[in-house]
Each structure stands twice: as C-alpha cells, then as structure tokens.
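Observations on chain architecture
Residue strings, one per chain:
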Amino acid sequence: MPFANSSLERPSFVLAAVPGLEAAQPWLAVLLCCAYVVALVGNCAVLLVVRLEPALHAPMYFFLCMLAAIDLALSTSTVPRVLSFYWFGSREIGFGACLVQMFLIHALSAVESTVLLAMAVDRYVAVCHPLRHAAILTNAATAKIGLAAVARGVLFFLPLPLLLLPLPFCGSRVLSHSFCLHQDVMNLACANTTPSVVYGLTAILLVMGLDAVLICLSYVLILKAVLRLGAWKERLKVFSTCIAHICVVLAFYVPLIGLSVVHRFGRDLAPLVHITMGNIYILVPAVLNPIIYGVRTKQIQRRILSLIHVSDR
C-alpha cells in the first residue's frame, strides 16, 4: 500500500526472497532454524553456567553473560520472523514492526560493541595492572558499565526510526534483506534522506567505529606489556587469556564490516549476497560466542559436562 498523505497510513514492506531458490526456502529455513537453536542453547548454557559456578563470578564472565543476553535478544528479534517467511510465505512486514525491528537490531549491536570494548579494557587491566584489577573492575562497576552500554545503544540509535517516520514511501517496497535495516529502509523513501544518512553514519562511527579503534588500542598496549615479559612461555600464557575475546571481537566486527561494505559498494551485487551477509551478521556472533568461550574456558567446560552427566542419570 503506497504512502498516502494521511499520517495514519503507512506502507508495509516486503522481505527479500532468496532469488532462484524460492522452492528450496523451506530447507534453507531448516538450516537457519538449526543455527538459531544452537545460538539459543549455547547462550542459555553460558548464562546458566556462570550463574551456577562461583568461580566464574568475575567481571569477564559477567560481560560474557551480557553478550549472551544481547545475542539472544538480537537473534530472537529477527530469526522467528524470517522463519515464518521461509516456511509460510509471510513476506510482508508492517511499517511499525519494521521500525521496531530495525531499532532493536542497531541498538543491540551498539550495546554488544560497547560490551566488547569493556571486555577489552578488562583484559588490559588484567594484563597490564593485575594488582589493581579487582579494585578497578568491581561487580558494581561491571553493572554500571552494562547499564551505560544499554543507555548508549538506545540514545544513539533511537533517532534512526524517528527520522524515517515522517518520510513518504511511494515506490518499491521490497527490502534487500529478510529483516529491516536502517539503510535498507531508508533507500526506499522517495524524499530527501540526507539527515537520516548523516545521522546514521555519525552514529555508526561514534559507536562501532570508536569502539573498534579503542579495542585495537587496548591490544596494542597489551601486546607491548606482554613483549616486556622475559620468557616466551610466560608471554604465551599471558596472551592466551585474550584469545577468546579476540575471536569474539572478530566474530562481531568482520560480519559488520562485510555488511557495511556490501551496502555501500555492492548495489550491483546479486541479491543473494545481501541476504547471505545479513543472515551472517545476525547469527554468526550468536552461534560462535558461546562455542568460543566454551572451548577456551575450562570452568565452563567442566560445568557443562557435569550438567550433562546429571541429566543423563
């Protein structure tokens, strides 16, 4: 339904189908559902294990719980809607629902970026100032950082849907993804979108861009501190405490950068590329984060194995 002059009328948008693979979409939905189940089980397991294991009641693992909660919220805000489209052919999404989904995706991504930065600071303090670690990163400070991360995500990305709200949409309603993203929806507007473009780019640079720079800076300082240690074994032992976090950072930022590059320079690429990159951006961190920390953290491994052993009895 095209946009009319009435402020009560809004268009619905059409989610992108996988071109040339429409008949195979139910099977693709099975793969997507399996990945979603892995994300749900893995992140719920992390939350449960950290709650039950007193040895993990430390800032690094509280931040990990925050990541797990964010990944659960982010995947749940998108994947069920995509599955209903793939399985039942429900391609249309209402204007309001699209804006809410778009806000959740961008705000939760900003919160995750902030938490990753906080984890980098935690690693920096643990490696470079180990005697002051417990005094600096207390449980109260960790909780305040979590609240600040949520506030930062909401304040920076709430204007995105508000800027799109008054715009007319009089042309194509077909999105290039199976869910709503700001740039995707904005490109369908038939009006001047300069304020939305400028604000969206500014928000991305001030949140994800700044966080990425600060994370890199923290690891430069960590690397300098590690190289000042005497023996190679000691260097590897200290730096190995950062490996899991580095992998999680890459799992978040590589799909984010890939999706941004596709949006900026890939307008002539096949629609399948856009859809695939979007699904990778939503699901890869949620699937990989609990696996990475499960493999790298012996306490998590032991607790999960003990829970499995108890359930088998």
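From a predicted model like this one, the values you see are computed outputs, not experimental measurements.

Conventions we followed
- Residues numbered from 1 in each chain as written.
- Predicted model: local features only at pLDDT ≥ 70, side-chain atom pairs only at ≥ 80, totals over all residues.
- Heavy atoms only, no water.
- Helix = DSSP H or I, 4+ residues; strand = E, 2+ residues; numbered from the N terminus.
- Core = buried A, V, L, I, M, F, W, Y, C linked by side-chain atoms within 4.5 Å.
- Buried < 20%, exposed > 50% of the residue type's maximum accessible area, 1.4 Å probe, protein only.
- Contact = heavy atoms within 4.5 Å.
- UniProt positions renumbered as here; feature names shortened; annotations may be inferred.
- Axes fitted to C-alpha atoms, helices over the stretch in contact; angles between N-to-C directions.
- Left-handed = near helix turned anticlockwise from the far one by under 90°.
- Nonpolar A, V, L, I, M, F, W, Y, C, P; charged D, E, K, R; others polar.
- 1 Å grid on protein atoms, 1.4 Å probe; cavity = no way out; pocket = protein on both sides within 12 Å on 5 of 7 lines; lining within 4 Å.
- Points joined across faces, edges and corners; volume = space filled by probe spheres on them.

Structurally, T276 can be placed in helix 12 (residues 271-296). Sequence spacing of T276 and L221 is 55 residues, and the spatial spacing of their C-alpha atoms is 36 Å.

Right, let's talk about the nonpolar core for a bit. In this structure, F13, V115 and L116 are the most contacted members of the largest nonpolar core, which totals 84 residues. Top contributing element to this core by residue count: helix 4 (residues 95-128), with 17 residues. If we skip the residues at most four places from it in the chain, V115 touches F63, M66, L67, I70 and A149.

A few words now on the UniProt feature "transmembrane region" (unreviewed entry) in the protein chain. Look at the UniProt record and you will see "transmembrane region" (unreviewed entry) annotated at residues 27-49, 61-87, 93-121, 133-158, 197-222, 243-266 and 272-295. A distance of 40 Å separates the end C-alpha atoms of residues 93-121, which is 93% helix and 3% strand. Helix makes up 100% of residues 197-222 and strand makes up 0%, while its end C-alpha atoms are separated by 36 Å.

Our focus in this paragraph is the packing of helix 4 against helix 6 (residues 139-157). As a packed pair, helix 4 and helix 6 sit with axes 8 Å apart at the nearest point and diverge in direction by 140 degrees. Between helix 4 and helix 6 lies a crossing whose hand is right-handed. Across the interface between the two elements, F103, H106, A107, A110, V111, T114, V115 and A118 from helix 4 touch I145, A149, V150, R152, G153, V154 and F157 from helix 6. Taken together, the residues of the contact of helix 4 with helix 6 sort by class into eleven nonpolar, three polar and one charged.

Moving on, we get to the side chain of T193. Tracing the chain through its elements places T193 in the loop between helix 8 (182-186) and helix 9 (194-227). Each residue touching T193, except ones within four places of it in the same chain, is listed here: L167 and M186.

The next subject is empty space enclosed by the protein. Using the criterion set out here, one finds one cavity of 30 Å³ or more in the structure. Roughly 40 Å³ of internal volume is contained in the largest cavity. L32, T78, V79, V82, F179, N279, I282 and L283 are the residues that line the largest cavity. Residue assignment for the lining of the largest cavity shows that the elements contributing at least two residues are helix 3 (79-88) and helix 12. If you tally residues by element for the lining of the largest cavity, the top one is helix 12, at three residues. Along the lines of polarity and charge, the residues of the lining of the largest cavity split into six nonpolar, two polar and no charged.

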